[in-house]
Amino acid sequence: MSFEDELRGALVREAAPADFKRKLMARIEAEARTAPVPIAWWRRRRVSLAIAAGLVVSVAIPGGVMEHRRRERLRGIAARDKLLTALSVTNTTLRHTRQMIRKTARRAG
Amino acid sequence: MKKIWILLALAGLLAGHLAAQLPSQLPSQPGFDFKQLDKLGANAKDATSVTLEGPTLKLAASFLGSDADDKDAAALKSLVARLKGIYVRSWEFDKAGMYNAADIEPFRAYVRGQQWSRIVEVKEADESSEVYLKTGTADKFGGVAIISAEPRELTIVYIEGTISIDDVAKLSGNLDIPDLDVLKHGTSKEGKSNANGKKDE
């Protein structure tokens, strides 16, 4: 037998077994059923993420509120000091005016 | 699509709410531009400038003290609650003649306007003091303005808001307002005293 005959014999078309298609499809379906479905990382760590988010929220929100209150308080104290300064200047000026009126009245009287 | 309309409606409501709040939060502008007085303090050795209006004034009033037994604080709070703005400009100079009295004229012209009446004008050799009240409703006035000019000291006070003669009297000494030196340095020049001249305990 020559090489060419051997090659021809090897490449001869053979019909697939009768249940080949059914077996193949069954195997594919079985593999699809058992193969793990890829899950996003954040879905795999849902609990950890929820705990972390809870911690961040429980720290960040009260922290933010406290910081806001602290700033408001400082702003309020600064505004109050300005107000007291204004009232003090007003007070001194009006008292001075009153003294001037008294002095003038005394001189006139 | 329905969600978008709901979101748009909510955004519209929020915008409307914010727009409605905005005018009440903006400070009311005084009728006088205090920048016109800036040149008066060009040669001052010491200057005090206070501008308090709108929400900042309300905030300041809320920090005046919450002791219910403190009548002075309560009276001050009640007085300040009726005010729209407080503007104080005060300068001290090293020697006489370091400010131009003509630079006070824009303010004087403003308080000589129709709505104002001068209730006090005292003049001595080289100093003068004027008090003006703005027309208000019934026994209340719409504001008070004071100009006190001495050779080495000049003070202009403008208080806008509902104010009575009693309030002016209170402001001139009945309330326990800390002395300016106490506010600035913690102690007054003549020991620790308040604006009424009472020594602090």
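Just so it is clear, the model here is predicted, and its values are computed rather than measured.

Participant: So what's going on with the confidence of the model for chain B? Residues and values would help.
Facilitator: All names here are of chain B. The share of residues in chain B with pLDDT of 70 or more is 69%, and the mean pLDDT across the chain is 78. Ranking the elements of chain B by mean pLDDT puts helix H6 (residues 180–185) last with 52 and strand S2 (residues 83–92) first with 95. When the criterion is pLDDT under 50, residues 22–27 qualifies, and its contacts beyond four places in sequence or with other chains add up to four contacts. Within the model, pLDDT remains below 50 along residues 188–201, and this stretch shows 34 contacts once partners closer than five positions in the same chain are excluded. Scored as a complex, the prediction yields pTM 0.67 and ipTM 0.72.

Participant: Describe the interface of chain B and chain A, listing the residues and the values that go with them.
Facilitator: In this complex, chain B contributes 42 residues to the contact, which on the side of chain A involves 28 residues. Together, the buried faces of chain B and chain A total about 3000 Å²; carbon and sulfur atoms form 72% of this surface. For the pair chain B and chain A, the number of links is one salt bridge. The shortest N-O distance in the salt bridge between A:Lys103 and B:Glu124 comes to 4.0 Å. At the boundary of chain B and chain A, one finds four residue pairs in polar contact (both at pLDDT 80 or more). It is helix H2 (residues 54–62) of chain B that contributes the most residues to the side of chain B that touches chain A, five residues altogether. Taken together, the residues of the side of chain B that touches chain A sort by class into 26 nonpolar, 12 polar and four charged.

Participant: So what about the pairing of S2(B)? Which residues, and what values?
Facilitator: Each regular strand displays side chains that alternate between the two surfaces of the sheet. All names here are of chain B. With eight of 10 residues buried, S2 is to be regarded as a mostly interior element. Pairing analysis gives eight bridges linking strand S1 (residues 46–53) to S2, with the strands arranged antiparallel. When the bridges of S2 are listed, Leu 52 appears paired with Ile 86. Sheet topology note: the S2/strand S6 (residues 153–163) ladder contains nine bridges and is antiparallel. Paired with Ile 86 across the two strands is Ile 159, which belongs to S6.

Participant: Could you give an account of the sheet that holds strand S5 (residues 141–150) of chain B, naming the residues involved and the relevant values?
Facilitator: Pairing in this open sheet of six strands is antiparallel, and the strands run S1-S2-S6-S5-S4-S3 (chain B) from one edge to the other. This sheet does not close on itself; its edge strands, each paired only once, are S1 and strand S3 (116–123) of chain B. Taking each pair of neighbouring strands and ignoring which way they run, the sheet shows an average axis angle of 10 degrees. Bridge count between S5(B) and S6(B): nine bridges; the pairing is antiparallel. Note on S6(B): the bridge partner recorded for B:Ile147 is B:Ile156. Those strands touched by helix H4 (residues 46–108) of chain A are S1, S2, S3, strand S4 (128–134), S5 and S6 of chain B, and its axis lies near 115 degrees from that of S1(B).

Participant: Can you tell me about the pattern of salt bridges, naming the residues and giving the values?
Facilitator: Using the criterion set out here, one finds 15 salt bridges over all chains in the structure. Across the pair A:Asp19 and A:Arg22 runs a salt bridge, and its minimum N-O distance is 3.6 Å. In this structure, B:Arg118 engages B:Glu121 in a salt bridge whose closest nitrogen and oxygen atoms are separated by 3.1 Å. Here B:Arg118 falls in the partly exposed class, since its relative accessible area comes to 40%. Residue classification places B:Glu121 among the partly exposed residues on the basis of a relative accessible area of 38%. Overlapping salt bridges, with partners in common, bring together A:Asp19, A:Arg22 and A:Lys23 in one network.

The rules behind these values
- Residues numbered from 1 in each chain as written.
- Chains lettered and ligands numbered in written order.
- Predicted model: local features only at pLDDT ≥ 70, side-chain atom pairs only at ≥ 80, totals over all residues.
- Heavy atoms only, no water.
- pLDDT = per-residue confidence, 0-100.
- Helix = DSSP H or I, 4+ residues; strand = E, 2+ residues; numbered from the N terminus.
- Contact = heavy atoms within 4.5 Å.
- Buried area = accessible area lost by both parts, 1.4 Å probe.
- Salt bridge = Lys/Arg side-chain N within 4 Å of Asp/Glu carboxyl O.
- Polar contact = N/O pair within 3.5 Å; in protein donor to acceptor, adjacent residues only side chain to side chain.
- Nonpolar A, V, L, I, M, F, W, Y, C, P; charged D, E, K, R; others polar.
- Buried < 20%, exposed > 50% of the residue type's maximum accessible area, 1.4 Å probe, protein only.
- Pairing = 2+ DSSP bridges.
- Axes fitted to C-alpha atoms, helices over the stretch in contact; angles between N-to-C directions.

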